[in-house]
Amino acid sequence: MANVEEFVQQYGPSAARAAQALKVDPAILLGQFGLETGWGKSVIPGTHNLGNIKDLSGGGTLATDNATGTEDRYRTYDTPDAFMDDYVSLIQRKYPKAMGLGDDAVKYARALKFGGYAEDPAYISKVSSATDMVRGLGEKLANFLIPAASAGTLPAGGIDPRRVQWDSTPADIDPAAVKWDEGPQVSQKIGDTLMDIPRQVGLTARYGLEGLGQAAGVVTEPLRQLVVNPVARALGLPEAGSAEQLASQAADAAGLPHPRSADERVVGDMTRMMAGAGGISGASNALARGTTGSTQAILNAFGQNPVQQITSAAGAGGAGGSVREAGGGPTAQAVAALFGGIAAPLAAQQGIRAARWVGNRLASPRPQEVEQQIRLIMERSGVDWGQVPERVRQMVRDEASTALRSGGELSSDALRRLVDFGRVPGATPTRGTLTLDPVQITRERNLAKIGANAADDGLQGLARVENTNNSALIGALNDAGANSGQDAYTAGQRVIGALQRNIDAQKGNIDSLYSAARDSAGRSFPLDGAAFTNRAAQALDDALLGGALPTDVRNHLNRIAQGEVPFTVDYAEQLKTRIGNLQRATQDGQARMALGLVRRALDDTPILGLGDQTTVAGARAVNPGNLPAVPGASGLGEDAVAAFNRARAANRSFMQQVETTPALRAVYEGAATPDQFMQRYLLGSAATAQDVQAMRHAISADPSVGDAIRGHIMSWLKGKALGGAADEVGNFSASNYNKALQAIGGQKLAAFFSPEEVEQLKAIGRVSSYMVHQPRGSAVNNSNSGAVVLGRGLDFLSNLSPLGRILNVGPAINGVVQGVQQSAAQRVPPALLRPSMPTPGERAMAPLSAALYSALFAPAGIPPRQDDGRR
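Because the structure is predicted, anything quoted here is derived from the model rather than measured.

Draft legend 1. Highlighting unusual backbone geometry. Residues other than glycine seldom take positive phi values, yet His48 does so here, at roughly 55 degrees. Of note, His48 is situated in the loop between helix 2 (26–37) and strand 1 (61–64). The partly exposed category is assigned to His48, whose relative accessible area is 28%. Look at Asn52: it is not a glycine, yet its phi comes out positive at around 50 degrees.

Shown next, in the form of structure tokens:
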């Protein structure tokens, strides 16, 4: 289908019946269902399921979810009316706050979204836009909703859907009772308008003259009352009229028309005031140029911002004149004029903002531009936008796009915080937590406390947001494995077991290599003992380390030199092992160096055989004594030496690993205990990142042990954050969690967590900080006593005396509080914009000169002319 008109025509009557039950505009339901189904394009055939509601019972029709790509089952209905009945039941049961909202599509969509019906961040705006598309059908919409109307003959002017009352089902509506607009007599109205133009021009001229007379009265009226008229009375002359009266007489002499109706008289009041304000502003500026000092300052005050003064004057004239026409006395007119003079410039400013908003909406940025701005801002903030999960990026794009439509530039700090919130599923940012503005945070925190202490559910929005965010932080840790992590003792046992298996495997391999070397045929071949002892003695003398050589090794050298022991390959390998043990055990640096020189001489000792001989280290050497050749001796000796070298290299590598891995050394030496193992060798400050990485390498053969360590780390972090409390009652402590996270450090975490997972853990800490941060300048009332008093006060207002209920005092105040809460908790896009300095016109209210002028020359002081019917 994919056509709005066809969709509304097909499902309009059914939607109207459902809308009557929910007490909302049918256009809202049609817009919602059109959005859900692509105006009927994605309705699963044969299901009549306009809301694409899934069937969790296992029945229904199997289809692919376009958003997730999964195969799910959807509810099936016999008719569209059956779907509507089920939908109405669903809303009544689970989303009662969506009922009775009339034609407010935004409130209806908000009630569904924050009730859990939809996850799309832009769901509210999308439903509102779809509803506007339905309402754009105008007359056709009414015809589709009331089939009886389309069957008859429509009047010339058509039907106005806004005048149809949806308090009964379409079947109950009598088409004859519907109010129909009569077709306008276009030609007659055009003629009347053209003929009235000269009169309106004359009225405008009259109002302008009288307004200038009023303005002149600011200067002439004191002179007339204090000087001219007293002199005239003393001389017996007629008193002089006011400047406004003279201007009115001049207008009469010119034959200018008088106002005939209340509307024309009020318009006259506004025009006179505007002309007067403009005259005062212009005259003040002209006079100011010829004065100095305080006089010039006063004149400049009256002359500044003429547009705002004229706007204020128009508001004053309109308000005062309207009160006069309603029968109000002079005092009421003066008060109304004063308030009108103040309110009009403010309303004009709001109108300018609204016009800017509309303009920005019409010139909304393209998705590519939004993406480019976000990427650039994130790079400048040190965030790799490409590594942010796609679900988070899409949420940020939607909110940023909405923010940019209202004008301004994106705030890098607020955008970065929004990314952090997006990394914590279920967390809801508020304007205060995104901007960290002290005033906004003060308002939100205090209102949350007040609302939580009130009985009205509608006032508890911010408190529930705080509670939901607390649960979201705990849930994020559980999703990362905190709810299934093992205790310290169990986790320690598993890691110790894995390390012990690593030790056993390496020792078994070393033992095998040594056995193979000892079983080789060349291990009994003789070595040149004289060459060895001479080289060792010469190296020790050259380094002046002869006295540093341990006695045990010195004795071996003496026995070899005197031929007291059979100096074979096997003997040399045993001596190497002894030297290695002594080097590792001694703390004497000179002794270690002396042992190293003997070891090198031992490696260079030739094997006695034939021709070119092989040294213990495997290098060729000249046969010093031209000894007779022994067939095969050279090759067998090489094999034996190589076998011992392999065994020794394996042992050396293993011992080096033990020495550089504290956890492995503790297990090797039998000093590891399960209850303290995780704290000492992983979580504690004594365990370095290199130590943890080495331990991670040692247990790499068993991935499940790494998972156990991950789970224990998460469980430990949650324990610190909640202070050991259960999930249901725990309050997430940002301070404790971040201290624990910092104590582990990013490098340790990187041994067991991916970069994205580490960033997620850090984001949890940042979001928890945003939620409790009270910046300098904030005035959060952390004492609950004041909130209790105010909350109970709101309850008192709601149950005020009968007079208070009649005046709607309590609900009015509650409504203001609730409105502020909802705005603070849900209006995220404005928080993403950088604060901008207001323009001079936005900073100032109506100038004092305009307010005073409005009060002094309000219509209360100008008696209206009586219409005698002759003009």
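Draft legend 2. Highlighting the packing of aromatic side chains. Counted by the stated rule, this structure contains 14 aromatic pairs. Taking the centre distance of 5.3 Å and the plane angle of 50 degrees together, the rings of Phe732 and Tyr737 count as tilted. On the basis of relative accessibility, which here comes to 10%, the residue Phe732 falls in the buried class. Classification of Tyr737 as buried rests on a relative accessible area of 0%. One aromatic cluster in this structure is built from Phe33, Tyr77, Phe83 and Tyr87.

Draft legend 3. Just the nonpolar core, in detail. Core analysis: the biggest nonpolar cluster contains 114 residues, and Leu410, Leu499, Phe532, Phe677, Ile713 and Phe752 have the highest contact counts within it. With sequence-adjacent residues up to four places away left out, Leu499 is seen in contact with Ala663, Leu664, Val667, Phe677, Met695, Ala698 and Ile699. Among the nonpolar cores identified, the runner-up in size contains 44 residues, and Tyr77, Ile91, Ala98 and Ala130 belong to it.

Draft legend 4. Spatial organisation of the environment of Glu390. In this structure, Glu390 sits in helix 15 (residues 390–405). Among the polar contacts made by the side chain of Glu390, one reaches the side chain of Arg393 at a distance of 3.0 Å. Of the polar contacts made by the side chain of Glu390, one reaches the side chain of Arg397; its length is 3.0 Å.

Draft legend 5. Representation of the side chain of Ser128 in the model. Take Ser128: it is sitting in helix 5 (residues 123–135). Taking relative accessible area as the criterion, Ser128 reaches 18% and is therefore assigned buried. Beyond its immediate chain neighbours, meaning those up to four positions away, Ser128 contacts Ala105 and Val106.

Draft legend 6. Inspection of the environment of Ala243 at higher detail. Its place among the elements puts Ala243 in helix 9 (residues 243–253). Residue Ala243 is classed as buried on the basis of its relative accessible area, which comes to 17%. Taking the C-alpha atoms as reference points, Ala243 and Gly217, 26 residues apart in sequence, are found 5.5 Å from one another.

Draft legend 7. Just the side chain of Gln32, in detail. Considering the arrangement of structural elements, one finds Gln32 in helix 2. We classify Gln32 as buried; its relative accessible area is 1%. Once you skip the residues sitting within four places of it in the chain, Gln32 turns out to touch Tyr87, Tyr108, Leu112, Tyr117 and Tyr123.

Draft legend 8. Expanded view of the packing of helix 14 (residues 367–380) against helix 15. Two numbers describe how helix 14 lies on helix 15: the axes approach to 10 Å, and their chain directions differ by 105 degrees. It follows that helix 14 is roughly perpendicular to helix 15 by the angle criterion. Residue-level contacts link Val370, Glu371, Gln373 and Ile374 of helix 14 to Val396, Arg397, Ala400, Ser401 and Leu404 of helix 15. A per-class count over the contact of helix 14 with helix 15 returns 5 nonpolar, 2 polar and 2 charged.

Draft legend 9. How the structure looks around the environment of Ile474. Mapped onto the elements, Ile474 comes out in helix 19 (residues 461–479). Taking the C-alpha atoms as reference points, Ile474 and Ile764, separated by 290 residues in sequence, lie 9.2 Å from one another. Beyond its immediate chain neighbours, meaning those up to four positions away, Ile474 contacts Lys718, Leu722, Asp727, Gly730 and Phe732.

Draft legend 10. The confidence of the model for the protein chain, seen in detail. With 73% of its residues at a pLDDT of 70 or more, the protein chain shows a mean pLDDT of 77. Every residue in residues 148–184 is under pLDDT 50, and counting partners more than four places away or in other chains gives 50 contacts. Under a pLDDT of 50 for its full length, residues 800–810 has, in the predicted model, 8 contacts with residues more than four places off or in other chains.

Draft legend 11. Region of interest: the packing of helix 21 (residues 529–542) against helix 24 (residues 589–603). Direction vectors running N to C along helix 21 and helix 24 enclose 150 degrees, while the axes themselves pass 9 Å from each other. For the pair helix 21 and helix 24, the sense of crossing is right-handed. Contacts between helix 21 and helix 24 involve Phe532, Arg535, Ala536, Ala539 and Leu540 from the first element and Ala594, Leu597, Val598, Ala601 and Leu602 from the second. Residue classes in the contact of helix 21 with helix 24 are distributed as 9 nonpolar, no polar and 1 charged.

Draft legend 12. Molecular detail of helix 21. When the terminal C-alpha atoms of helix 21 are compared, their 20 Å separation across 14 residues agrees well with the 20 Å that a helix rising 1.5 Å per residue should span. Buried residues of helix 21: Gly529, Ala531, Phe532, Thr533, Ala536 and Leu540, and no others. Phi turns positive one or two residues past the end of helix 21, at Leu544, with a value near 55 degrees.

Thresholds, definitions, all that
Once a new chain begins, its residue numbering starts again from 1 and follows that chain's sequence as written. Residue-level local features of this predicted model are given only where pLDDT is at least 70; pairs of side-chain atoms are given and counted only at 80 or more, and the full residue set underlies all totals for whole chains, interfaces and linings. The side-chain figures draw on all heavy atoms in the structure; neither hydrogens nor water molecules are used. Starting at the N terminus, helices and strands are each numbered in turn, a helix being any DSSP run of H or I of at least four residues and a strand any DSSP run of E of at least two. Exposed residues in this analysis have more than 50% of their type's maximum accessible area, buried residues have under 20%, and partly exposed residues fall in between, with area computed by a 1.4 Å probe over protein chains only. Here a Phe, Tyr or Trp ring, Trp counted by its six-membered ring, pairs with any other such ring whose centre lies within 6.5 Å, and the pair is stacked when the planes are under 30 degrees apart, edge-to-face when over 60, and tilted otherwise. Note on terminology: a nonpolar core comprises buried Ala, Val, Leu, Ile, Met, Phe, Trp, Tyr and Cys residues joined through side-chain atoms within 4.5 Å. Throughout, a residue-residue contact means that at least one pair of heavy atoms, one from each residue, lies within 4.5 Å. Under the rule applied, a polar contact is a pair of N or O atoms within 3.5 Å (in protein, one hydrogen donor and one hydrogen acceptor; residues adjacent in sequence only if both atoms are side-chain atoms). To get an axis, a line is fitted to the C-alpha atoms, and for a helix only the part in contact is used. The angle between two axes follows their N-to-C directions and goes from 0 to 180 degrees. By definition in this entry, angles of less than 35 degrees are roughly parallel, angles greater than 145 are roughly antiparallel, angles of 65 to 115 are roughly perpendicular, and the rest are oblique. By the convention adopted, Pro, Cys, Tyr, Trp, Phe, Met, Ile, Leu, Val and Ala count as nonpolar, Lys, Arg, Asp and Glu as charged, and the other residues, Gly among them, as polar. Predictor confidence is given residue by residue as pLDDT, running from a minimum of 0 to a maximum of 100. Two helices crossing with the near one rotated counterclockwise from the far one by less than a right angle form a left-handed crossing, whereas a clockwise rotation gives a right-handed crossing. Expected helix span is taken as 1.5 Å per residue step, with the number of steps being one fewer than the number of residues.

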